[in-house]
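Residues per chain, in single letters:
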Amino acid sequence: MAAKKEQRLQILPLNGHAFNGDQSKVVICDTSNVATIYKKDSKGTYTKDTELAKHIERIKSVDWAPNSNRIATCAGDRNAYIWNWNAEENKWKPSLVLLRIDRAATYIRWSPKEDRFAVGSGARLLSICYYDEEHDWWVSKHVKKPIRSTILCCDWHPNNYLIAVGSCDFKCRVFSSALKELEDKPETSGWMPKLSKFGTLLVEFDTSEGWVHGVKFSPSGDKLAWVSHDASVNVVDMGNLTKVYRCLTTGLPLSSVIWLHESSLVCGGHENCPVLYNIVGENVVYGAKLDVNTKKAGGGMSAMARFRQLDDKGTDGDKGTKLTTTHQNAISELRVTKAEGGRAKQFSSSGVDGRLVVWEVDVLAATINELNI
C-alpha cells in the first residue's frame, strides 16, 4: 500500500472538502459559488458527479454528515443550505437555513450526533442551528459575547454539547451549546464544572499572536489544540485549563490541525505538507514532516531538448519549477477519514493547488525513519 494517494480535482484552489460515510464520494468547495461532488470509480479515482448550485457568492466551507447523509454548505452570501438526497427525483435538494446574520458565513460543521450544526461568520457571532419540526425548517440561536472578530474555525466536543471557536481576535474560546429546545442533558466535566446555559463562555485562551485558523478537540475530548497565523501550535488539557502547552514553530503560518491520537497531532498550512507534533510531558515537540520526497533524479537531456528548454524557460534545467512536496501550494484543510480505537489510521488534505491527498498513517510510520507516532 502506498503512503499517499493524490489527485488534482480542480485548477482552482480548494477551500475545503468532506467525505461521505464510506468515502465513495467527496464534496469540495473552491473559489466559486458551486460545491462539487466527486464519485469514486472502480480504479479508485474520483470523477465529477454532481454540482450543488444554490449560493450566489463564494462557498467558504462544506461538511458531510456521514450517518444522516446530509451535506451542509455556507457562503459569502450570508446563507447556509442543507442538502438532502431525494431518491425519487434522483438529485440533491437544498433547504435554506435561517442564519440571521449580516456578514459572510465562513465555516460550517455538523455536531457528532448530527442533530445540529454550527456556522461561523464575519458578523462576530456563532450560529448554532437545529431543525424545528413544528415549522419544518432549520433555525439558529446565536452565541455573541465576547467574540470580537470574524470566526475562522470551530469544532464540536465529542459529547455534542460543547464547541470550541477560533477567531480573528487572536483568541480560542469554548462555549456551552446545550439547547433546551432539543432537551439536552449535558454532564459536568473539566470544561464545564457546573451545568451552564446555552452560549455561556466556559474558557478563553489568549496565547496566540495571530488569527486562529484551526481548532480541534482530541478523540476523548480531554484536550484541545489550535493553530494560528503566528505559526504556533497550542494544546491545553481540561485537567489544568490555566496551563497552555505552546510550540512556536520556525515555519510559515498553519491553517488546520487534527489529532492522530491523544498525544500526537498533525498540522498543515503554508509549509505545503502535513507536519507531526507530539505532546511530551508539558511540551509540544516537533516530530517530522509527513511527506515523502517526490523529487526524481534527473536523467540525460539531448542537445535539442536542452536548447528548447533554454528557449522556453531561460534555463537548461528544471530547477525551481516544481516543489518536492506533494502539495504544490498551501494546505487549506485536514480531515481524519479513518480511525480505530481513538487512533487515526488515515487522513486527507486539500490545498490551494487543487489537490486532494489521502495519507495512510501506518505506511507513513514505516516509511519515514524519524517518525514516532
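Residues numbered from 1 in each chain as written. Predicted model: local features only at pLDDT ≥ 70, side-chain atom pairs only at ≥ 80, totals over all residues. Heavy atoms only, no water.

(A) Representation of the pattern of salt bridges in the model. By the definition in use, this model includes 22 salt bridges. The salt bridge involving R116 is made with D115; its shortest N-O contact spans 2.9 Å. A salt bridge links E333 to R335, with the nearest nitrogen and oxygen atoms 3.5 Å apart. Assigned by exposure class, E333 and R335 land together as buried. Taken together, the shared-partner salt bridges connect D63, R109, E333 and R335 into one network. (Salt bridge = Lys/Arg side-chain N within 4 Å of Asp/Glu carboxyl O. Buried < 20%, exposed > 50% of the residue type's maximum accessible area, 1.4 Å probe, protein only.)

(B) Summary view of the side chain of Q346. Following the sequence through the fold, Q346 ends up in strand β27 (residues 343–351). Look at Q346 and you get buried, because its relative accessible area is 5%. At a separation of 3.3 Å, a polar atom in the side chain of Q346 contacts the side chain of Q23. Leaving out residues up to four positions away in the same chain, Q346 has contacts with Q23, V336, T337, K338, V358, W359, E360 and V361. (Helix = DSSP H or I, 4+ residues; strand = E, 2+ residues; numbered from the N terminus. Polar contact = N/O pair within 3.5 Å; in protein donor to acceptor, adjacent residues only side chain to side chain. Contact = heavy atoms within 4.5 Å.)

(C) Seen up close, the sheet that holds strand β16 (residues 172–176). What the 4 strands build is an open sheet, ordered β14-β15-β16-β17; its pairing is antiparallel. Bordering the open sheet on either side are β14 (151–156) and β17 (201–205), each of which pairs with just one other strand. Between one strand and the next, the sheet's axes are offset by a mean angle of 20°, whatever the strand orientation. In the sheet, strand β15 (residues 162–167) pairs with β16 via 5 bridges, with the strands oriented antiparallel. Its bridge partner lying in β16, L162 is registered against S176. (Pairing = 2+ DSSP bridges. Axes fitted to C-alpha atoms, helices over the stretch in contact; angles between N-to-C directions.)

(D) Up close: the pairing of strand β22 (residues 254–261). Where burial is concerned, most of β22 is hidden: 8 out of the 8 residues are buried. In this sheet, strand β23 (residues 264–269) lies alongside β22 in antiparallel orientation, the contact comprising 6 bridges. Bridge pairing in β23 places S256 opposite G268. Counting the residues in the hairpin turn of β22 and β23 gives 2 residues.

(E) The arrangement of the environment of V284 in detail. In this fold, V284 is placed in strand β25 (residues 283–289). In this structure V284 comes out as buried when scored by relative accessible area, which is 8%. Taking the C-alpha atoms as reference points, V284 and K194, 90 residues apart in sequence, are found 30 Å from one another. Ignoring any residue separated from it by four or fewer positions in sequence, one finds V284 in contact with V233, V235, Y245, C247, Y277 and N278.

(F) Molecular detail of the packing of aromatic side chains. Evaluated as defined, the whole model comprises 12 aromatic pairs. Between Y81 and W83 the ring centres are 6.2 Å apart and the planes differ by 50°, which places this aromatic pair in the tilted class. Like W83, Y81 is buried. Aromatic side chains W85 and W92 sit 5.5 Å apart centroid to centroid with 65° between the ring planes, which places their arrangement in the edge-to-face category. Grouped by ring-pair contacts, the aromatic residues W110, F117, Y131 and W138 constitute a single cluster. (Phe/Tyr/Trp six-rings, centres within 6.5 Å; stacked < 30°, edge-to-face > 60°.)

(G) The arrangement of a nonpolar patch on the surface in detail. Side chains of L96, L98 and W137 sit close together on the surface and give an oily, nonpolar patch of about 250 Å² of accessible area. One can find L96 in strand β9 (residues 91–97). (Patch = residues over 30% accessible without salt bridge, like charges linked within 9 Å, V, L, I, M, F, W, Y side chains within 5 Å. Areas by Shrake-Rupley, 256 points an atom, 1.4 Å probe, with all protein chains shown as cover.)

(H) Structural detail: the nonpolar core. Core analysis: the largest hydrophobic core is formed by 32 residues, its most contacted members being L126, I128, I163, W191, F205, L224 and W226. What L126 contacts, discounting residues up to four positions off in sequence, is A118, V119, G120, K141, H142, V143, I147, I151, I163 and V165. Ranked by size, the runner-up nonpolar core spans 18 residues in total, among them L260, A288, V357 and L371. (Core = buried A, V, L, I, M, F, W, Y, C linked by side-chain atoms within 4.5 Å.)

(I) Quick look at the environment of V280. Take V280: it is sitting in strand β24 (residues 275–280). A relative accessible area of 49% places V280 in the partly exposed class.

(J) Summary view of the pairing of strand β26 (residues 331–340). Direction of pairing for β26 relative to β27: antiparallel, over a ladder of 8 bridges. Bridged to L334 within β27 is S349. Hairpin geometry of β26 and β27 is characterised by an intervening segment of 2 residues between the two adjacent antiparallel strands and by a positive phi of about 60° at G341.

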